[in-house]
Amino acid sequence: MGTLRHEREVADDLEKQRVRNEVEQRRQELQFAEAEAKLRLEAIQRDLVAKRAALEQLEREQVERERMWQTTRSDRLQYRGVDSTPSE
């Protein structure tokens, strides 16, 4: 009868070790997935910062362009003198 009990204990110990191994493997997989996700997130954040900077630069350029166009228009109207007023 002792042999059967011993075999059952060995089987239980092996099952516990199998479950521990599975849990450890899954833990490592999840840690790796988390690290990968963090790297992707950091890359996306860097890309977002770069795109925001490009957008801000574009907006500054457009503001400057509009200012130059307005100045040029004002200069032309001033140069024309009377031509800038509506004629009857």
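A. Main features of the overall build of the chain. Looking only at helices and strands, one finds one helix and zero strands in the chain. In terms of overall dimensions, the chain is more spread out than a globule: its C-alpha atoms have a radius of gyration of 37 Å, far above the 12 Å expected for 88 residues. Projected onto its principal axes, the C-alpha positions of the chain cover 120 × 20 × 5 Å. Classification of the 88 residues of the chain by burial places 0% in the buried group. Taking the 18 positively charged and 20 negatively charged side chains of the chain as two groups, their mean positions are separated by 1 Å.

B. Representation of the pattern of salt bridges. If you walk through the whole model with that rule in mind, you get seven salt bridges. Across the salt bridge formed by R27 and E24, the nearest N and O atoms sit 2.3 Å from each other. Remark: E24 and R27 occur in helix 1 (residues 2-80); sequence separation between them is three residues, near one turn of the helix. R27 sits in the partly exposed class, given a relative accessible area of 38%. Measuring nitrogen to oxygen at the nearest pair gives 3.5 Å for the salt bridge that ties R26 to E29. With R26 and E29 both in helix 1 and three residues apart, this pair spans about one turn of that helix. Members of the salt-bridge network, linked through shared partners, are E15, R18 and E22.

C. Structural context of helix 1. In this model, helix 1 (79 residues) spans 116 Å end to end at C-alpha, consistent with the 117 Å of a helix rising 1.5 Å per residue. G81 sits one or two residues past helix 1 and shows a positive phi near 65°.

D. Summary view of the environment of A53. Inspection of the secondary structure assignment puts A53 in helix 1. Considered as a pair, A53 and R27 are 26 residues apart in the sequence and their alpha carbons are 39 Å apart.

Conventions adopted
- Residues numbered from 1 in each chain as written.
- Predicted model: local features only at pLDDT ≥ 70, side-chain atom pairs only at ≥ 80, totals over all residues.
- Heavy atoms only, no water.
- Helix = DSSP H or I, 4+ residues; strand = E, 2+ residues; numbered from the N terminus.
- Rg over C-alpha atoms; globule rule 2.2 N^0.38 Å.
- Buried < 20%, exposed > 50% of the residue type's maximum accessible area, 1.4 Å probe, protein only.
- Lys, Arg positive; Asp, Glu negative; His and termini not counted.
- Charge placed at Lys NZ, Arg CZ, Asp CG, Glu CD.
- Salt bridge = Lys/Arg side-chain N within 4 Å of Asp/Glu carboxyl O.
- Expected span 1.5 Å × (residues − 1).

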